[in-house]
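Structural characterization, general
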Amino acid sequence: MALRETGDAQRSRAVTVNGRRYALPTRTTAVICYDGCDPAYVEAARAAAIVPHLAQMMDEGFAAIADAAMPTFTNPNNLSIVCGAPPSVHGISGNYYFDEATGRETMMVDAEGMRAGTILAALAGAGARVAAITAKDKLLKALANDLDGIAFSAERADDATLAQNGIEDVTGLVGRAAPSQYDPDLSLFVLDAGVRLIEAGRVDVAYLSLSDLVQHSHAPGSGGANAFMAAVDQRVGALIAAGATVGIVADHGMNDMAHGDGRARVAYVADALDATFGPGRTRVICPITDPFVRHHGALGGFVRIHVTDAAVDPAAVLAAVGAIAGVGRVLPGAEAAAEFEMPPEREGAAVAIAAPGYALGAHAADHDLSALAGTRLRSHGGLAERRVPFILSRPLNAAYQQKTANLRNYDIFDFALNGVV
Ligand SMILES: [Zn+2]
């Protein structure tokens with residue numbers, strides 16, 4: 001981990017992480033990863049006048065649209081946010097990757113883990129009291145990497161121990177039992193825990209990572225989406241009232257990927273390639289695939305294509321993928337890694353990015369659409385879900401007013417710690 005203190009007694013203390021300098025907070029700072037919060041959710045909720053605290057942040061603090069890291073999935077972006085760096089630096093560019101040497105699919109976060117340190121761990125190492133709270137337990141290990149502080153998931157809040165998580169009796173702290181993984185309260189539980197810890201003066205920096213369960217099944221402006229926006233807004237108000245500087249960013253947007261009649265609009269890339277080259281010659285990896293999650297049927301806007309038979313010409317595969325209706329863009333894996341700042345060793349022959357309104361899958365038989373339970377498919381992963389909100393509760397200082405071009409979601413800690421008045 002690239003951690004050092006500046007050693008300049010005249011300046012505030014700071015740490016350097018992955019080449020960027022972060023001041024230790026002089027005020028409590030809470031960064032929220034508002035999972036799946038497409039800018040359209042914010043616009044619709046503002047238009048309905050149900051998010052007064054968010055509106056106040058946008059009017060009196062700072063609000064912009066930033067780019068998420070590619071692919072626009074949850075794990076790569078959460079890790080980019082806490083590392084302040086793209087996936088090419090921290091190494092996690094999806095949930096799964098295909099190891100061409102062994103022919104096995106491997107979970108990325110569990111494999112050899114991350115190869116970059118986090119801002120959270122560095123701040124804690126320099127003496128800040130840090131809490132990392134996540135809705136889903138699967139993210140906790142990576143977010144809490146080397147972190148000497150409080151770290152727990154809402155999903156397993158009841159199991160948190162002082163030794164393992166730096167905190168115990170989370171149920172008592174929040175005042176209710178840990179919600180299930182498919183309960184929208186999972187995200188609100190994360191926020192309530194952050195509010196209680198900050199109100200009690202127990203942390204200096206909090207990272208609060210929500211779940212996109214609601215956005216996967218509710219369109220912007222719908223009753224379900226607006227109710228959730230309003231509930232989150234209440235907690236945002238409580239964080240600000242407790243004296244925190246609040247930064248809000250999303251890991252990715254969210255788009256409808258269904259036909260007018262409600263059927264999912266999916267291009268099955270592996271079926272098309274099998275028809276052209278024969279079965280087993282290529283391998284399509286859907287890096288959104290998640291053994292713990294049912295609400296997107298492992299369908300998203302981004303897939304990787306590996307050539308597993310040396311007799312198959314990668315250029316022919318690229319051409320065949322490009323001809324599939326619903327593929328918006330196809331490019332060689334190495335080019336995709338360079339353009340989108342992804343680790344090149346995880347790429348195969350090609351990357352395919354969905355056209356807006358489409359999802360990409362492998363074989364139709366691989367995807368359980370019954371899991372959508374009759375709701376329209378809404379998902380993410382491609383360029384259409386790259387735009388995310390970037391909102392701060394305080395205005396930018398003069399230096400950071402000059403740094404707002406080409407904003408990335410993983411600039412949020414930089415701005416929240418270094419960039420506000
Ligand atoms: Zn997400």
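Computed from a predicted model, the values in this text were never measured in an experiment.

1. Regarding the overall build of the protein chain
In terms of helices and strands, the protein chain carries 16 helices and 19 strands. Taken over C-alpha atoms, the radius of gyration comes to 21 Å for the protein chain, in line with the 22 Å a tight globule of 421 residues would show. Principal-axis analysis of the C-alpha atoms places the extent of the protein chain at approximately 65 × 50 × 45 Å. In the protein chain, buried positions account for 55% of the 421 residues. Pairs at least 24 residues apart make up 71% of the contacts formed inside the protein chain by residues separated by at least 6 positions.

2. Looking at the environment of Thr29
Here Thr29 is to be found in strand β3 (residues 29–33). Assessed through the 27 C-beta atoms surrounding it within 10 Å, Thr29 is described here as buried. On a C-alpha basis, the gap between Thr29 and Leu162 in space is 23 Å, while along the polypeptide they are 133 residues apart. Ignoring any residue separated from it by four or fewer positions in sequence, one finds Thr29 in contact with Val205, Ala244, Thr245, Ala416 and Leu417.

3. Let's talk about the sheet that holds β3
If you walk across this open sheet you meet the seven strands as β4-β19-β10-β3-β9-β7-β8, and the pairing is mixed. In this open sheet, the two strands that pair with only one neighbour each are β4 (62–67) and β8 (150–153). Direction aside, the axes of adjacent strands within the sheet are offset by 15° on average. Strand direction decides the pairing type here: β3 and strand β9 (residues 205–209), joined by five bridges, are parallel. If you follow Cys33 over to β9, its bridge partner there is Ser209.

4. Considerations on the domain arrangement of the protein chain
Domain assignment breaks the protein chain into domain 1 (14–254 + 382–418) and domain 2 (266–375). For the side of domain 1 that touches domain 2, the class distribution of residues is twelve nonpolar, nine polar and four charged.

5. Things to note about the sheet that holds strand β16 (residues 350–354)
The four strands lie next to each other as β13-β14-β16-β15, forming an open sheet whose pairing is antiparallel. In this open sheet, the two strands that pair with only one neighbour each are β13 (282–285) and β15 (327–332). Sheet twist, expressed as the mean angle between neighbouring strand axes with direction ignored, is 20°. Two elements, β15 and β16, share five bridges in a ladder whose sense is antiparallel.

6. Quick look at the nonpolar core
The tendency in soluble globular proteins is for nonpolar side chains to be buried as a group. Residues Val269 and Ala352 are the most contacted members of the largest nonpolar core, which totals 145 residues. When residues of this core are assigned to their parent elements, the largest contribution, nine residues, is made by helix α9 (residues 185–199). For this core, the domains that each give at least three residues are domain 1 (14–254 + 382–418) and domain 2 (266–375). The residues contacting Ala352, other than those within four sequence positions of it, are Val269, Val303, Ile305, Val321, Val327, Val330 and Leu360.

7. Here we look at the packing of α9 against helix α11 (residues 223–241)
Each pair of packed helices gets described by two things: the angle between the helix axes and the distance between those axes. Remark: α9 packs on α11, axes separated minimally by 9 Å, with the N-to-C direction vectors making an angle of 10°. Overall, the two elements α9 and α11 adopt an arrangement that is roughly parallel. Of the two elements, α9 crosses α11, and the hand of that crossing is left-handed. Of the residues in α11, those in contact with Leu188, Leu191, Asp192, Gly194, Val195 and Ile198 of α9 are Ala231, Val232, Arg235, Ala238 and Leu239. Taken together, the residues of the contact of α9 with α11 break down into eight nonpolar, one polar and two charged.

8. Remarks on the pairing of β3
Within β3, five of the five residues are buried, which leaves it mostly tucked inside the rest of the structure. Alternating residues of β3 divide into Thr29, Val31 and Cys33 and Ala30 and Ile32, and every residue in both groups is buried.

9. Here we look at the packing of helix α12 (residues 269–277) against helix α13 (residues 314–322)
Contact geometry for α12 and α13: axes closest at 10 Å, N-to-C directions at 125°. Our classification of the angle between α12 and α13 gives oblique. Considering the relative orientation of α12 and α13, their crossing is right-handed. Judged by residue contacts, Val269, Ala272, Leu273 and Thr276 of α12 engage Val317, Ala320 and Val321 from α13. Each residue belonging to the contact of α12 with α13 can be placed in one class, and the counts come to six nonpolar, one polar and no charged.

10. Some words on the environment of Asn255
Among the secondary structure elements, Asn255 is positioned in strand β11 (residues 255–256). Owing to 25 C-beta atoms within 10 Å, Asn255 belongs among the buried residues under this scheme. C-alpha of Asn255 to C-alpha of Val317: the two residues are 62 residues apart in sequence and 27 Å apart in space. Those residues in contact with Asn255, other than ones at most four positions away along the chain, are Pro356, Arg378, His380, Ala384 and Glu385.

11. Observations concerning the confidence of the model for the protein chain
Taken as a whole, the protein chain shows an average pLDDT of 92; of its residues, 95% reach a score of 70 or greater. For residues 1–11, every residue scores under 50 in pLDDT, and the model assigns this stretch 22 contacts once sequence neighbours within four places are set aside.

Cut-offs used in this document
- Residues numbered from 1 in each chain as written.
- Predicted model: local features only at pLDDT ≥ 70, side-chain atom pairs only at ≥ 80, totals over all residues.
- Helix = DSSP H or I, 4+ residues; strand = E, 2+ residues; numbered from the N terminus.
- Rg over C-alpha atoms; globule rule 2.2 N^0.38 Å.
- Buried ≥ 20, exposed ≤ 12 C-beta atoms within 10 Å, placed from the backbone.
- Contact = placed C-beta atoms within 7 Å.
- Pairing = 2+ DSSP bridges.
- Axes fitted to C-alpha atoms, helices over the stretch in contact; angles between N-to-C directions.
- Domains from an automatic or database assignment.
- Nonpolar A, V, L, I, M, F, W, Y, C, P; charged D, E, K, R; others polar.
- Core = buried A, V, L, I, M, F, W, Y, C linked by C-beta atoms within 7 Å.
- Parallel < 35°, antiparallel > 145°, perpendicular 65-115°, else oblique.
- Left-handed = near helix turned anticlockwise from the far one by under 90°.
- pLDDT = per-residue confidence, 0-100.

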